[in-house]
Amino acid sequence: MKNVIITDHPLIQHKLTIMRKVDTGSKDFRELLTEITMLMGYEVTKDLPLVDVEIETPIQKMNSKILSGKKLAIVPILRAGIGMVDGFVSLIPAAKVGHIGLYRDPETHEPVEYYCKLPQDIGEREVLLVDPMLATGGSATAAIELLRAKGAKNIRMINLVAAPEGIEAVHAKYPDVDIYVAAVDEKLNDHKYIIPGLGDAGDRLFGTK
Ligand code: PRP
Ligand code: URA
């Protein structure tokens, strides 16, 4: 699969197994999602540019590296994407956070937009678009379309679990968007849920079912 980076470190796989289990409650689900986000963040941020700075250790002066100050924006797709914000913000505290509100219509499964607030300089930022689930890809493509319309040029998407159908749908429209994912599952069921998946991520995070 082109532009798909599977981040399947053993710690991620272990934690994802616990998240998938039907009897894992909201508290554990939330904590595990934050932990996995941070572990995925290691891979997602691997190519951030560095610059040399001169510092002084207790022993002597040296040239050492810091992040070059590349501007980032973390953009969760509401609601479930909120569960991946804390993990990224703790890794990259200088990042700005935008929000895109979309829900899937229960009948048509098409995304419905209800909110969009992005950093005003989104066009100058590398965007990390986050959502635990990539099912049909409808929400992801709608979010990318919105981001592009607001001027975002460089977008990478970070999902926990994806269906092959969702990856194909995103790349059919936006082949340049890299997708980082912890697991690619088998397929979608008749209700467009990922199987085996982990159920409805928003409901499990927020305890709404
Ligand atoms: C879920 C999920 C994604 C979307 C994926 O959100 O968090 O945003 O479905 O499905 P798709 O790829 O077929 O569009 P949902 O619409 O359930 O809203 P919620 O996060 O508010 O629960
Ligand atoms: N949204 C979810 O939360 N889970 C799925 O399996 C599909 C869409």
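None of the values given here were measured: they were computed from a predicted structure.

Inspection of the region around ligand 1 gives 16 residues, with Arg 104, Asp 131, Thr 136, Gly 137 and Ser 139 positioned closest. At a separation of 2.5 Å, an oxygen atom of ligand 1 approaches a polar side-chain atom of Thr 136. Protein contact buries 92% of the 500 Å² of open area that ligand 1 shows by itself.

Turning our attention to the site of ligand 2. Every residue close to ligand 2 is listed here: Arg 104, Met 133, Ala 135, Lys 192, Tyr 193, Ile 194, Gly 199, Asp 200 and Ala 201. A distance of 2.8 Å is found between an oxygen atom of ligand 2 and a backbone nitrogen or oxygen belonging to Ile 194. Contact between ligand 2 and Ala 201: an oxygen atom at 2.8 Å from a main-chain N or O atom of the residue. Surface burial for ligand 2 is 89%, taken as the share of its 240 Å² of free accessible area covered by protein chains. Partitioned by chemical class, the residues of the shell around ligand 2 number five nonpolar, one polar and three charged.

Bringing the pairing of strand β8 (residues 126-130) into the picture now. With five of its five residues buried, β8 lies for the most part within the structure. Burial along β8 is two-sided: Glu 126, Leu 128 and Val 130 facing one way and Val 127 and Leu 129 facing the other are all buried. Bridging between strand β4 (residues 72-78) and β8 involves five bridges; their strand directions are parallel. Paired with Leu 72 across the bridge in β8 is Glu 126. For β8 and strand β10 (residues 154-162), the ladder comprises five bridges, and the chain directions are parallel. In the strand pairing of β10, Glu 126 is matched with Asn 154.

On to the pairing of strand β3 (residues 61-67). Burial runs low along β3: only zero of the seven residues are buried. Note: strand β2 (residues 50-56) against β3, seven bridges, orientation antiparallel. Each residue of the ladder has a partner; that of Glu 56, found in β3, is Lys 61. Taken together, β2 and the strand that follows it, β3, pair antiparallel across an intervening segment of four residues.

This part is about the packing of helix α1 (residues 10-20) against helix α2 (residues 26-44). Running from N to C, α1 and α2 point in directions that differ by 155 degrees, and their axes come no closer than 10 Å. With respect to α2, the element α1 is oriented roughly antiparallel. Between α1 and α2 the crossing geometry is left-handed. Every residue of α2 that contacts α1 at Leu 11, Ile 12, Lys 15, Leu 16, Ile 18 and Met 19 is listed here: Phe 29, Leu 32, Leu 33, Glu 35, Ile 36, Leu 39 and Met 40. Residue composition of the contact of α1 with α2, by class: 11 nonpolar, no polar and two charged.

It is worth spelling out α2 at this point. Its 19 residues give α2 an end-to-end C-alpha distance of 26 Å, which sits within 8% of 27 Å, the value for a rise of 1.5 Å per residue. Turning to α2, its buried residues number three or more, namely Phe 29, Leu 32, Leu 33, Ile 36, Thr 37, Met 40, Gly 41 and Val 44. Its buried side turned inward, α2 meets α1, α3 (85-91), β8, β10, β11 (178-184) and α6 (201-206).

So, on to the UniProt feature "domain: Phosphoribosyltransferase" (unreviewed entry) in the protein chain. Under the feature "domain: Phosphoribosyltransferase" (unreviewed entry), the UniProt entry names residues 6-208. Between the end C-alpha atoms of residues 6-208 the distance is 30 Å, and the span holds 32% helix and 32% strand.

Further remarks concern the nonpolar core. Counting residues in each nonpolar core, the largest one holds 33 residues, and the members touching the most others are Leu 16, Phe 88, Ile 158, Leu 160 and Leu 198. Those elements giving two or more residues to this core turn out to be α1, α2, β4, β8, β10, β11 and α6. Per-element accounting of this core gives the leading share, six residues, to α2. Leaving out residues up to four positions away in the same chain, Leu 160 has contacts with Leu 16, Met 19, Leu 33, Ile 36, Asp 131, Pro 132, Val 181, Ala 182, Ala 183 and Leu 198. By size, the runner-up hydrophobic cluster in this structure holds 26 residues, among which are Ile 144, Leu 146, Leu 147 and Met 157.

Conventions and cut-offs
Residues numbered from 1 in each chain as written. Chains lettered and ligands numbered in written order. Predicted model: local features only at pLDDT ≥ 70, side-chain atom pairs only at ≥ 80, totals over all residues. Heavy atoms only, no water. Near = heavy atom within 4 Å. Polar contact = N/O pair within 3.5 Å; in protein donor to acceptor, adjacent residues only side chain to side chain. Areas by Shrake-Rupley, 256 points an atom, 1.4 Å probe, with all protein chains shown as cover. Nonpolar A, V, L, I, M, F, W, Y, C, P; charged D, E, K, R; others polar. Buried < 20%, exposed > 50% of the residue type's maximum accessible area, 1.4 Å probe, protein only. Helix = DSSP H or I, 4+ residues; strand = E, 2+ residues; numbered from the N terminus. Pairing = 2+ DSSP bridges. Axes fitted to C-alpha atoms, helices over the stretch in contact; angles between N-to-C directions. Parallel < 35°, antiparallel > 145°, perpendicular 65-115°, else oblique. Left-handed = near helix turned anticlockwise from the far one by under 90°. Contact = heavy atoms within 4.5 Å. Expected span 1.5 Å × (residues − 1). UniProt positions renumbered as here; feature names shortened; annotations may be inferred. Core = buried A, V, L, I, M, F, W, Y, C linked by side-chain atoms within 4.5 Å.

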